[in-house]
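Below are the chains, spelled out letter by letter.
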Amino acid sequence: MAQFLLETVWLVPCYALIGGLLAVPWSPGIIRRTGPRPAGYVNLIMTFLAFIHAAIALPATWNQPPYEISIPWLSTAGLNLFIDLEISSASVGAMVVIAGLNLLAQIYAIGYMEMDWGWARFYSLLGLFEAGLCALTLCNSLFFSYVILEMLTLGTYLLVGLWFSQSLVVTSARDAFLTKRVGDLFLLMGVLAIFPLAGTWNYSALAEWAATAQVDPTLMGLVCLALIAGPMGKCAQFPLHLWLDEAMEGPIPSTILRNSVVVASGAWVLIKLQPVLSLSPLVSSAMVAIGTLTAVGGSLIAIAQIDIKRCLSYSVSTYMGLVFIAVGTQQDDAALLLVLTHALAAALLVMSTGAIVWNSITQDVTQLGGLWTRRPVSGLAYIIGTLGLIGFPPLGGFWALLKLASGLWETQPWLVGILITVNVLTAFSLTREFCLIFGGKPKQMSERSPEVSWQMSLPMIILLGFTLHLPLVLQSFSLLPNWANLNKDVALLLIWSTVFGCSISSVIYLGDFIPKPIRLPFKPLQNLLAYDFYTPKLYRMSIVLSVDLMSKFTDMIDRLVVDGIVNMVGLASVGGGEGLKYSTNGQTQFYAFTILLGVGLLGMVVTWQYWGEQFLNLMF
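Values in this document were obtained by computation on a predicted structure and should not be read as measured data.

**A word on the overall build of the protein**
Counting secondary structure elements, the protein contains 25 helices and 2 strands. Overall size of the protein, expressed as C-alpha extent along the three principal axes, is 105 × 60 × 60 Å. Burial statistics for the protein: of 620 residues in total, 51% are counted as buried. The long-range share in the protein, meaning contacts at least 24 apart out of those at least 6 apart in sequence, stands at 79%. Of the accessible surface of the protein, which amounts to about 28,900 Å², a share of 70% is contributed by carbon and sulfur atoms. Of the charged side chains in the protein, 28 are positive and 32 negative, and the gap between their average positions amounts to 13 Å.

**Overview of the nonpolar core**
The biggest cluster of nonpolar side chains holds 172 residues, and the ones touching the most others in it are L142, I194 and L338. Apart from the residues lying within four places of it in its own chain, the contact partners of L142 are V191, I194, W201, Y203, L227, V269 and L273.

**Points about helix α15 (residues 308-328)**
Taking 1.5 Å of rise per residue, 21 residues should cover 30 Å, and α15 covers 31 Å from first to last C-alpha, within 8% of that figure. When you tally the buried positions in α15, you get 20 out of 21 residues, the bulk of the element. One side-chain oxygen of the residue at the start of α15 lies 2.9 Å from the amide nitrogen of K309, identifying that residue as D307. The first or second residue beyond α15 is Q330, which carries a positive phi of 60 degrees.

**Side note on the side chain of Q331**
By secondary structure assignment, the location of Q331 is in the loop between α15 and α16 (332-358). In this structure Q331 touches A326, K403, L404 and G407, once residues within four positions along its chain are discounted.

**Here we look at the packing of aromatic side chains**
Aromatic rings in a pair are described by how distant their centres are and how their planes are angled relative to each other. Here the structure, examined in full by the defined rule, presents 12 aromatic pairs. Ring geometry for F398 against W399: centres 5.2 Å apart, planes inclined by 75 degrees, an arrangement best described as edge-to-face. Judged on exposure class, the residue F398 and its partner W399 are both buried. By the ring-pair criterion, three or more aromatic residues cluster together here, those being F143, F144, F195 and W201.

**Observations regarding the UniProt feature "domain: NADH:quinone oxidoreductase/Mrp antiporter transmembrane" (unreviewed entry) in the protein**
In the numbering adopted here, UniProt assigns the feature "domain: NADH:quinone oxidoreductase/Mrp antiporter transmembrane" (unreviewed entry) to residues 140-422. Between the end C-alpha atoms of residues 140-422 there is a gap of 33 Å, over a span that is 76% helix and 0% strand.

**What about the packing of helix α4 (residues 89-112) against helix α11 (residues 252-260)?**
Where α4 contacts α11, the axes come no closer than 8 Å and their chain directions differ by 160 degrees. Classed by the angle they form, the pair α4 and α11 counts as roughly antiparallel. Judged by the sense of rotation from one axis to the other, the crossing of α4 with α11 is right-handed. Here I98, L101, N102, A105, Y108, A109 and Y112 of α4 lie close against α11, whose contacting residues are I252, P253, I256, L257 and S260. Here the residues of the contact of α4 with α11 sort into 10 nonpolar, 2 polar and no charged.

**Side note on the state of the cysteines**
Counted by the stated rule, this structure contains 0 disulfides. Looking at C14, it has no disulfide partner, and the nearest cysteine sulfur is the one in C134, 10 Å off. In this model C311 remains outside any disulfide bridge; the closest cysteine sulfur is found in C435, 12 Å from its own. Taking the relative accessible area as the measure of exposure, C311 reaches 0% and is therefore buried.

**With respect to unusual backbone geometry**
Among all residues except glycine, the phi angle is most often negative; among peptide bonds, the trans geometry is most common. Of note, the bond from P393 into P394 is cis; its omega dihedral lies within 30 degrees of zero at 5 degrees. Positionally, P394 belongs in the loop between α17 (376-389) and α18 (396-409). Despite not being glycine, Q330 shows a phi value in the positive range, around 60 degrees. Among the secondary structure elements, Q330 is positioned in the loop between α15 and α16.

**Regarding the side chain of S145**
Looking at the element boundaries, S145 is found in helix α6 (residues 142-160). Judged by its relative accessible area of 1%, S145 is buried. With residues up to four places along the chain from it excluded, the contact list for S145 reads L136, C139, Y203 and V269.

**Notes on the environment of L101**
Relative to the assigned elements, L101 resides in helix α4. For L101, a relative accessible area of 2% corresponds to the buried category. Residues L101 and L479, spaced 378 residues apart in sequence, show a C-alpha to C-alpha distance of 21 Å. Contact partners of L101, with chain neighbours within four places excluded, come to L257, S260, V261, A343, L344, A347 and L463.

**Comments concerning a nonpolar patch on the surface**
Together, F553, M556, I557, L560, V561, V562, I565, V566 and V569 make up a nonpolar patch on the protein surface, roughly 780 Å² of accessible area in all. Within the secondary structure layout, I557 lies in helix α23 (residues 535-583). Taking relative accessible area as the criterion, I557 reaches 31% and is therefore assigned partly exposed.

**Considering the environment of A381**
Looking at the element boundaries, A381 is found in helix α17. Along the primary structure A381 and V350 are separated by 31 residues, whereas in three dimensions their C-alpha atoms are 9.6 Å apart. Excluding residues that lie within four positions of it along the chain, A381 makes contacts with L348, S352, M460 and L464.

**Here's the deal with the environment of Q274**
Tracing the backbone through its elements, the reader meets Q274 in helix α13 (residues 274-277). The sequence separation of Q274 and Y203 amounts to 71 residues, and the corresponding C-alpha distance is 9.6 Å. Aside from chain neighbours lying at most four places away, what touches Q274 is V327, Q330 and D332. At a separation of 2.9 Å, a polar atom in the side chain of Q274 contacts the main-chain carbonyl oxygen of V327.

**Here we look at helix α20 (residues 454-476)**
Between its first and last C-alpha, α20 extends 31 Å over 23 residues, near the 33 Å set by a 1.5 Å rise per residue. Along α20, the sharpest change in direction is near 50 degrees and occurs at H469; proline P471 comes one to four residues later. Taken together, the buried positions of α20 are Q455, M456, S457, P459, M460, L463, L464, T467, L470, P471 and L474. Contacts made by the buried residues of α20 are with α4, α16, α17 and α18. Phi turns positive, to about 60 degrees, at S478, one or two residues after α20.

Rules of the game
Residues numbered from 1 in each chain as written. Predicted model: local features only at pLDDT ≥ 70, side-chain atom pairs only at ≥ 80, totals over all residues. Heavy atoms only, no water. Helix = DSSP H or I, 4+ residues; strand = E, 2+ residues; numbered from the N terminus. Buried < 20%, exposed > 50% of the residue type's maximum accessible area, 1.4 Å probe, protein only. Contact = heavy atoms within 4.5 Å. Areas by Shrake-Rupley, 256 points an atom, 1.4 Å probe, with all protein chains shown as cover. Lys, Arg positive; Asp, Glu negative; His and termini not counted. Charge placed at Lys NZ, Arg CZ, Asp CG, Glu CD. Core = buried A, V, L, I, M, F, W, Y, C linked by side-chain atoms within 4.5 Å. Expected span 1.5 Å × (residues − 1). Polar contact = N/O pair within 3.5 Å; in protein donor to acceptor, adjacent residues only side chain to side chain. Phe/Tyr/Trp six-rings, centres within 6.5 Å; stacked < 30°, edge-to-face > 60°. UniProt positions renumbered as here; feature names shortened; annotations may be inferred. Axes fitted to C-alpha atoms, helices over the stretch in contact; angles between N-to-C directions. Parallel < 35°, antiparallel > 145°, perpendicular 65-115°, else oblique. Left-handed = near helix turned anticlockwise from the far one by under 90°. Nonpolar A, V, L, I, M, F, W, Y, C, P; charged D, E, K, R; others polar. Disulfide = S-S within 2.5 Å. Patch = residues over 30% accessible without salt bridge, like charges linked within 9 Å, V, L, I, M, F, W, Y side chains within 5 Å. Salt bridge = Lys/Arg side-chain N within 4 Å of Asp/Glu carboxyl O. Bend = angle between axes of the 7 residues up to and from the residue.

This is the structure we're talking about:
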């Protein structure tokens, strides 16, 4: 049975796709008698089947070499396109995580969106998300990876804009879509440019080509820069990070999947492209620089936010910055472990804060407080999610950060300092949010805030337990370092940085000796952090203004030049017609003279090259 499921594991993305398609009749209201709820239950069943299929097939792939499947798709004009798939323990394990998180998100959505009118459309789009992510993990072709990433971009736009009757939601969906399109455009350039050099889009063939490639360093640097631009947008890296903040206007259940695994889709492509990217040291340095800027900047910005969802969005960008550092320094195993631990912890944090948003009047963390006694499940989920994300032993985040820091300890110790700094700031930020929401005394906005229903509590409890037991799962698969080989210096630095960040934040936000709300003594610095380093304003002053001016100039050219020429020809035709109307007299000899005159003039123009030069010499 397990062998059969392994041989057919490439069908796992089809489960979610079928569920999404089956939900379509309920989406526009074609089926009205039953209401939209069957659409959600159909997707739940298909996602559960996908999870079971991948989970049973996973042990059969362990310690086995990956094998590839190639399906012919298109052959024309010398171009042969194949749908290349790679079945490995990493790809099947990723599908288990994706299907499992989507299953929990769909159960969570039953309670969160109980009376929502977009129920069927929401579940159909979640099925599209799951199908695209599972297909991306199996895909062994750069071209089809790009196609799948475009499908995920479309899914993001549709899910963020689910409540399209709200103007802010429509604006956020548009901005998120356009921001990601900037990176996608450059990624398409890189995808098209790598084919003439390597002659293939297959990841395995690209790795073989990169091992012996002799290419111009400048050309390869430009191609690789284009290839990392798309993942920059997907992973919300500076300066393409604004879409993740805008996407928070969508429903919280979709944010569970987006903030955990969708945002890491670009990192998966980068890991697959690692042999190609290593051909350009410039690109590796660029990824490290981008990751460092995003990690440090995102953690600083998160501290200054007051919206409960914006705090989490910048923490996600921060962690993806660490993933970029791992990929840029060729620490692929550390990058995969970071993605895994982040997926579980981030999903748990979104569930916890989503429960607060669901039955609270405000999302301003400064107006909440004292919810620990009223919301024990949500509070405990937030604590475990926070500890699973930072360097707190023995949870997963500690091992992921330790693996990355240990790999950098001998070669680039300054990056270890960056990692420790980011861990301190992240611990400070997440503890700050916990203290403002769950600590202190109840405020007017949080006096009546009961715990959520079982449909939302159950997924939190399940994911909480799995986050706690993740180290045991990793240990069973021999993915944790041996205690004898543990870098104790790095481990102590991580532990002390976590304790320091959490302690300072707790003292500041739970103590009464510092007036609230907390304000920095230097107001311009506080505004700089609170307004995201003025990145939105810079966008408006640069890209948006440039596009606006270009659009106005194009409109002017269209109206005055293009339309002007067309209108002038039209007026000349009308005037000529009117003139000819009054010149007709019905005499045959006049018509014949007109025709002969036209033919003569045409003949003079055609034969000008033979007699024109002699005529001009004679005249002058």
